[in-house]
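Coordinates in review
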Amino acid sequence: MLTCKQFLSELTDYLDEKTSTELREKLQRHITECPNCWVVCDTTKKTIQVYKGMQSCSIPEDVHARLMAAVERKIADCGKPK
Amino acid sequence: MPAEATPVAPADAPSDELDLVSRARAGDGAAFSLLIDRYEGRIFRLAMNITQNREDAEDVLQEAFLKAYEHLDQFQGNSKFYTWIVRIAVNQALMKLRKRKSDRTISLDEQIDTGEDMVVREVAAWDPDPEERYSREEMNGILTEAIDGLLPIYRTVFTLRDVDGLSTEETAEALDLSVPAVKSRLLRARLQLRDKLTRFFKRKGDDAFAYM
Ligand SMILES: [Zn+2]
């Protein structure tokens, strides 16, 4: 069986589904037998999920307006990029 | 005249991207505006996450697009425009941080340990749906505070990889880091965030339950 340390070092690839099938099976076996690592794995997965779902990438209207104004000034100043 | 090799855009880059860039390079402001519309939100969010300051983030956003416009001729076309501009934005954002904390060098290459001492402190199970305990606003506050508690290197890698959805390889390219370096930073970042969030999301009544 893998040690907990080995499991942890593969956790990122495991969560990203980047491991080989063989390693994946070993990791899966480890978490069925090690409640500690199961919790770490489950909560790390949820950590990624909550961030994926939450932070929107809409830009405030005033920030957008000032950006466009700055770019227009730039284009007027120097015309074509180099 | 020898034929110039036409750059081939990465398979998952929007198909009109090279076209927009070459039009912008020829002085077409409308084409550049389209590129801005496409990426400004993600760049702003990234800048917010790295600088943790709205004013700085806005500066970074403007500087990134202005620099991109100035140096459009350096865009090779064999990576995505977004990966290219992210690199500019990250450099600007780190410069802001350095200016603010002038006594400390902040770099993505900051020596970090390789995981030997990687300790998971809190091993408490979470609610199946931890986010349902909080309002959207509260959740945003909790998540932002947790990210802000990370070192800049970890914040940056986590935001690009897990919030913005870049691949490990793209993150490495954008930050000029090796793939293993991105992976080790990502693992650190994920585990540290997990530790920080456990306080809010752990299953009620689990405090006395020891796994070890
Ligand atoms: Zn274990």
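Residues numbered from 1 in each chain as written. Chains lettered and ligands numbered in written order. Predicted model: local features only at pLDDT ≥ 70, side-chain atom pairs only at ≥ 80, totals over all residues. Heavy atoms only, no water.

1. A look at the nonpolar core
The nonpolar side chains of a soluble globular protein tend to be buried with one another. Heads up, the condition is: Residues belong to a common nonpolar core when they are buried Ala, Val, Leu, Ile, Met, Phe, Trp, Tyr or Cys residues joined through side-chain atoms within 4.5 Å. Relative accessibility decides the category of a residue: with a 1.4 Å probe and only protein chains considered, values under 20% of the type maximum give buried, values over 50% give exposed, and everything between is partly exposed. Note that the domain bounds were set by an automatic or database domain assignment. Contact criterion: two residues are considered in contact whenever any of their non-hydrogen atoms come within 4.5 Å of each other.
Ranked by internal contacts, the top residues of the largest apolar core, which has 69 residues, are Y51 of chain A together with F32, I43, F65, F81 and L197 of chain B. Here this core gathers at least three residues from each of two domains, domain 1 (17-100) and domain 2 (116-201) of chain B. Not counting chain neighbours up to four residues away, the residues in contact with F32 of chain B comprise V71 of chain A together with A24, F65, Y69 and L72 of chain B. With 18 residues, the next largest nonpolar core counts L27, I31 and I48 of chain A together with A125 of chain B among its residues.

2. Concerning unusual backbone geometry
Going by this rule: Secondary structure elements are taken from DSSP: a helix is a run of H or I of four residues or more, a strand is a run of E of two residues or more, and numbering for both begins at the N terminus.
A positive phi angle, close to 55°, is found at E17 of chain A, a residue other than glycine. Positionally, E17 of chain A belongs in the loop between α1 (4-15) and α2 (21-33). By relative accessible area, E17 of chain A is classed as exposed at 61%. In this structure, D176 of chain B takes a positive phi of about 60° despite not being glycine. In this fold, D176 of chain B is placed in the loop between α7 (168-175) and α8 (179-201). Using a relative accessible area of 57% as the deciding quantity, one classes D176 of chain B as exposed.

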